[in-house]
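# A look at the structure
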Amino acid sequence: MKVLEAKFVQDFIKLCAEGYRKGWHERNGGNLSYRIKDEEINLIKENLIDCDYQDIGTEVPFLKNEYFLVTGSGKYMMNVPLDPEDNICIIKLDETGTKFKIVWGLKNGGRPTSELPSHLMNLEVVKRRTNDKYRIVYHCHATNIIALTFVLPLKNEVFTRELREMATECPVVFPDGVGVVPWMVPGGKDIAVATSKLMEKFDVAIWAHHGIFGTGPDFDTTFGLVDTVEKSAEILVKVLSMSNTKLQTITRENFIDLAKDFKVTLNEDALNCK
Ligand code: 13P
Ligand code: ZN
């Protein structure tokens, strides 16, 4: 099978297009990675090429020898559906989990996203945490979430509570809440370590004054998660623009009732945060 015919490649492209349509990917902003299943790589193996290994810039031994579909550095999400082979690539990790090689894509040259250390470290943490279930890490520059990082305290429990209050579905979509990384230089190991630490507990990490990282088992769930967080952020931006006091909101008791009926366990720190 041709690489572009594979369902996971089509789903990957669809997410890139949808994120761009949402306005979350100005210029080359944002990136996406998918940990490919063995059966999926077997379907397209005849199209993969060999090439030299390069350093990842961090260590992910739990992902050794695995294959990933990732966006290219400096590439525009807008262009992914128009010419996937120029904008995305498949990489394979070596047997130590410290190096990668490009085995398909980026036909005119280039390298995987500069956030590869964050993507791989997050994928490693969530592979372990979810017992192999989670395969996707998505980073975008969602406008309203970024705006909130200028006015809310950069605390996990504050962001979780404020976002949850804005939409009844939130506690069900992200019962564990969201984590927040203070401003850091992007593209390196330090921010990857800080983000992956949060991913041990949360499906969402917010990068102050930069964007958001979301993770999940499939493309729709991961995109839906980020979409829900950003929608709540948009409502909160509107509420804060109208008034700095809420006349009414979803209360702690309401959340407890909701959690009971929807059979989710809510993160206690956010529940008890005033
Ligand atoms: P890349 O073009 O290297 O993926 O970087 C975009 C970005 O959003 C960095 O945080
Ligand atoms: Zn970014």
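Report follows, based on the coordinates. Just so you know, these numbers come straight off a predicted model, no measurement behind them. (Residues numbered from 1 in each chain as written. Chains lettered and ligands numbered in written order. Predicted model: local features only at pLDDT ≥ 70, side-chain atom pairs only at ≥ 80, totals over all residues. Heavy atoms only, no water.)

### Thoughts on the packing of helix α1 (residues 7–22) against helix α9 (residues 219–242)
Running from N to C, α1 and α9 cross one another at 15 degrees; their axes reach a closest spacing of 10 Å. Our classification of the angle between α1 and α9 gives roughly parallel. Relative to α9, the crossing made by α1 is right-handed. The segment α1 lies against α9, with Phe-8, Asp-11, Phe-12, Lys-14, Leu-15, Glu-18, Gly-19 and Lys-22 engaging Phe-219, Asp-220, Phe-223 and Asp-227. (Axes fitted to C-alpha atoms, helices over the stretch in contact; angles between N-to-C directions. Helix = DSSP H or I, 4+ residues; strand = E, 2+ residues; numbered from the N terminus. Parallel < 35°, antiparallel > 145°, perpendicular 65-115°, else oblique. Left-handed = near helix turned anticlockwise from the far one by under 90°. Contact = heavy atoms within 4.5 Å.)

### Observations concerning the coordination of the zinc ion (ligand 2)
Around the zinc ion (ligand 2), the donor atoms from the protein are His-139 (NE2), His-141 (NE2) and His-210 (NE2), and they sit 2.1 Å away. Written as a sequence motif, the donor arrangement for the zinc ion (ligand 2) is H-x1-H-x68-H. Taken together, the residues His-139 in strand β6 (residues 136–140) and His-210 in the loop between β8 (204–207) and β9 (211–216) connect sequence positions 71 residues apart. Here His-139 and His-210 have matching classes, each one buried. (Donors = N, O, S within 2.8 Å, 3.2 Å for Na, K, Ca; no water. Buried < 20%, exposed > 50% of the residue type's maximum accessible area, 1.4 Å probe, protein only.)

### Remarks on the site of ligand 1
All residues adjacent to ligand 1 are Asn-28, Gly-29, Gly-30, Asn-31, Ser-73, Gly-74, Thr-113, Ser-114, Glu-115, His-139, His-141 and His-210. Between an oxygen atom of ligand 1 and a main-chain N or O atom of Gly-30, the distance comes to 2.9 Å. Contacts to ligand 1 include Asn-31, whose side-chain N or O atom sits 2.8 Å from an oxygen atom. If ligand 1 stood free it would expose 310 Å²; the protein chains cover 92% of that surface. Of the residues assigned to the shell around ligand 1, the class counts are no nonpolar, eleven polar and one charged. (Near = heavy atom within 4 Å. Polar contact = N/O pair within 3.5 Å; in protein donor to acceptor, adjacent residues only side chain to side chain. Areas by Shrake-Rupley, 256 points an atom, 1.4 Å probe, with all protein chains shown as cover. Nonpolar A, V, L, I, M, F, W, Y, C, P; charged D, E, K, R; others polar.)

### A short note on a nonpolar patch on the surface
Judged by side-chain polarity, Phe-150, Val-151 and Leu-240 come together as a nonpolar surface patch covering roughly 320 Å² of accessible area. Examined against the element boundaries, Val-151 turns out to sit in the loop between α5 (143–148) and α6 (156–165). Among the residues examined, Val-151 registers a relative accessible area of 58% and is labelled exposed. (Patch = residues over 30% accessible without salt bridge, like charges linked within 9 Å, V, L, I, M, F, W, Y side chains within 5 Å. Salt bridge = Lys/Arg side-chain N within 4 Å of Asp/Glu carboxyl O.)

### Concerning the nonpolar core
One finds Leu-32, Leu-69, Ile-90, Leu-163 and Ile-212 to be the most contacted residues of the largest nonpolar core, which totals 48 residues. In terms of residue count, α9 provides more of this core than any other element does, seven residues in total. Phe-68, Leu-120, Met-121 and Phe-213 belong to the second largest nonpolar core, which has 28 residues in total. (Core = buried A, V, L, I, M, F, W, Y, C linked by side-chain atoms within 4.5 Å.)

### Overview of empty space enclosed by the protein
In total, this model carries one cavity of 30 Å³ or more according to the counting rule given. The computed volume of the largest cavity comes to approximately 30 Å³. As for the largest cavity, its lining consists of Val-181, Pro-182, Trp-183, Met-184, Ile-191, Trp-207, Ala-208 and His-210. (1 Å grid on protein atoms, 1.4 Å probe; cavity = no way out; pocket = protein on both sides within 12 Å on 5 of 7 lines; lining within 4 Å. Points joined across faces, edges and corners; volume = space filled by probe spheres on them.)

### So, the packing of aromatic side chains
Using the criterion set out here, one finds six aromatic pairs in the structure. With a centroid separation of 5.1 Å and an interplanar angle of 35 degrees, the aromatic rings of Tyr-34 and Phe-219 are classed as tilted. Separated by 185 residues along the polypeptide, Tyr-34 in strand β1 (residues 31–35) and Phe-219 in helix α9 bring together distant segments of the chain. Of the two residues examined, Tyr-34 and Phe-219, each falls in the buried class. Judged by centre distance (4.5 Å) and plane angle (45 degrees), the ring pair of Trp-207 and Phe-213 falls under tilted. For the pair shown, Trp-207 and Phe-213 are each scored as buried. A cation over an aromatic ring shows up here: Lys-127 above the ring of Phe-62, its NZ or CZ 4.4 Å from the ring centre. The ring centre of Phe-62 lies 4.3 Å from the NZ or CZ of Arg-128, which sits over that ring. (Phe/Tyr/Trp six-rings, centres within 6.5 Å; stacked < 30°, edge-to-face > 60°. Lys NZ or Arg CZ within 6 Å of the ring centre and 35° of its normal.)

All quantities given are derived from atomic positions and should not be read as evidence of function.
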